[in-house]
Amino acid sequence: MRRNTQVIKSSGTMPVVNSWNEWDTLQEVVVGSATGACFEPTEPGNRPQVRGLGDVPFPTGPKPSEAVERANEQLDGLAALLTAQGVSVRRPAPHDFAKPLRTPAFDVENQYCAVCPRDVMITLGNEIVEAPMSRRARYFEYEPYRKLVYEYWESDPRVTWTVAPKPTMADSMYRQDFWEWPVEERHARMHESEFCVTQDEVVFDAADMSRFGRDIIVQESMTTNRAGIRWLKRTLEPKGFRVHPVHFPLDYFPSHIDCTFVPLRPGLILTNPDRPIREAERQMFTDDGWKLVDAPQPVLTNDDMPPYCQSSKWLSMNVLSISPEKLICEEQEKPLQDLLYSFGFEVLTVPFRDVFEYGGSLHCATWDIRRDGTREDYFPSVSYRSAV
Ligand code: DAV
């Protein structure tokens, strides 16, 4: 099959796909799109709920066109800001999310959207990895990015591409009673890390990972199970990465790490005061001199979040670094902006609240393809411990 390959500029001999961490200077990025977005369906791995409008059922099918236009305006605003900063911006291809899916194991009434490439795609050095995903409506969510993947893969032989095994997403992959557990039970079981997916199949979303050079941390969550983390370990460790599972026991509904534990530059991590990292895991960072700094309370409360938004108020901390000195923050999050200024960052802002109901903010809505830099070891104590 012939594909559209174009010559891509890259600086020096850097591969066209090259990103080892969350903060090096950004050269090329994919920004999501709300075009064709649908409401997320109710399914075994997801029980979406309307906020603050009483006991009304969660809608299904395509999002209203005004909501899509508002979100696209803000996504386009982010793309324009990045372009003005010298970053090459790419966008997903159109996809028919309203189409129902039927596989041998499940049916689902519609798909979701291409607003959050971070959830499904991840760049690990010069390799693109497509995550298996954890929800039926997101089974084919890699498709809007495939044209780009082929373009990168065909234009540079140093680029590799790995697709994780697809789980069945059959009823047996999910633990349905999870949704009924009373809060006391969630508290009592908080250290078990058992959520709505079982451990029988490989399950992960890409957004449960955070990249620190040769070290990758992966959150065990509703969207990533221990089999998924084992697959990542066995796939990535022979390539020279080290994969570390992490846990935030007070988050009873964990999904994606980028509203919980957000590295800003070498030595500095923005943390969520409601979701401290498991004590034994904190040590990996503090032993090597990393500072963990709590984000201030977000401007919005959970009750103020948009009615169809399934994410928490902590979307406030979902910032996008464009260099170790400069990042993009949601326009209205002044307390966080002030904290970032106090650490010497240049802070750029864009309005982004109309994107929240599509599951994310600035970090979620992007997928970095190329940043400066190479693989570095930011955790020499880990190297020391594994050597003795
Ligand atoms: O804290 O609500 C949202 C991240 C969605 N991609 C949270 C996680």
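Here, every reference points to the structure presented above.
Bear in mind the structure is a predicted one, so any value in this text is a computation, not a measurement.

Student: Would you mind going over the sheet that holds strand S6 (residues 127-130) with me for this structure?
Tutor: Picture the strands of a sheet paired through backbone hydrogen bonds; they go either parallel or antiparallel. If you walk across this open sheet you meet the 3 strands as S5-S6-S7, and the pairing is mixed. In this open sheet, the two edge strands, each paired with only one partner strand, are strand S5 (121-124) and strand S7 (160-163). When strand polarity is set aside, the average angle formed by the axes of neighbouring strands in this sheet is 20°. Judged from the 4 bridges that link them, S5 and S6 form a sheet pairing that is antiparallel. Directly across from Leu124, in S6, lies its bridge partner Glu127. The sheet strands contacting helix H3 (residues 143-155) are S5, S6 and S7, and the helix crosses S7 at an angle near 145°.

Student: In this structure, what is going on with the sheet that holds strand S14 (residues 320-323)? I would like to understand it.
Tutor: With mixed pairing, the 3 strands of this open sheet are ordered in space as S14-S15-S16. Looking at which strands have only one partner, the edges of the open sheet turn out to be S14 and strand S16 (346-350). Across the sheet, the mean angle separating the axes of adjacent strands is 30° when strand polarity is ignored. Where strand S15 (residues 326-330) lies against S16, 5 bridges are found, and the strand directions are parallel. Bridged to Ile328 within S16 is Leu348. Sitting on the sheet, helix H1 (residues 65-84) touches S14, S15 and S16, and the angle it makes with S16 is about 145°. Helix-sheet contacts for helix H7 (residues 334-342) involve S15 and S16, and the interaxial angle to S15 is about 165°.

Rules and cut-offs
Residues numbered from 1 in each chain as written. Predicted model: local features only at pLDDT ≥ 70, side-chain atom pairs only at ≥ 80, totals over all residues. Heavy atoms only, no water. Pairing = 2+ DSSP bridges. Helix = DSSP H or I, 4+ residues; strand = E, 2+ residues; numbered from the N terminus. Axes fitted to C-alpha atoms, helices over the stretch in contact; angles between N-to-C directions. Contact = heavy atoms within 4.5 Å.

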